[in-house]
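Next come the chains, spelled out residue by residue.
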Amino acid sequence: MMQLDVYDGDVRIDTLTLTNDTTCLGRALDVDIRIEHASTSRKHCEIIRDPGSGAYLLVDLKSSQGTHLNGARIPPNEPQK
């Protein structure tokens, strides 16, 4: 299992445990992790666990504000380690 730290600026506000192979984040009611913020798209991004390697990948779902990994914006629909 993976833990996801949620930050508001530099302050950690929550820690979530990911138990599914695919976890969708966004504002929509049918996502796995709901983020109610104006800069978050309805289906913003996914975290996917590769069953072969066990590695976790982050995928931006063409969100309007973009998804950042380690401070850098990632391209949409291109899984990032």
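It should be noted that the structure appears before, not after, this text.
What counts, and where the lines are drawn
- Residues numbered from 1 in each chain as written.
- Predicted model: local features only at pLDDT ≥ 70, side-chain atom pairs only at ≥ 80, totals over all residues.
- Heavy atoms only, no water.
- Core = buried A, V, L, I, M, F, W, Y, C linked by side-chain atoms within 4.5 Å.
- Buried < 20%, exposed > 50% of the residue type's maximum accessible area, 1.4 Å probe, protein only.
- Contact = heavy atoms within 4.5 Å.
- Salt bridge = Lys/Arg side-chain N within 4 Å of Asp/Glu carboxyl O.

1. What about the nonpolar core?
Then step 1. One finds L4, L18, L25, I33, C45, I47, L58 and I74 forming the largest nonpolar core, which totals eight residues.
Then step 2. Once residues lying within four places of it in the same chain are set aside, the contact partners of L4 are D14, T15, L16, L18, L25, I33 and I47.

2. Side note on the pattern of salt bridges
Side-chain pairs of opposite charge can arise whenever the charged atoms involved come near each other.
Then step 1. With the rule as written, the count across this model stands at four salt bridges.
Then step 2. Between R12 and D5 there is a salt bridge whose closest N-O contact spans 3.9 Å.
Then step 3. Two residues, E36 and R34, come together in a salt bridge whose shortest N-O distance is 3.2 Å.
Then step 4. Note on E36: relative accessible area 65%, which makes it exposed.

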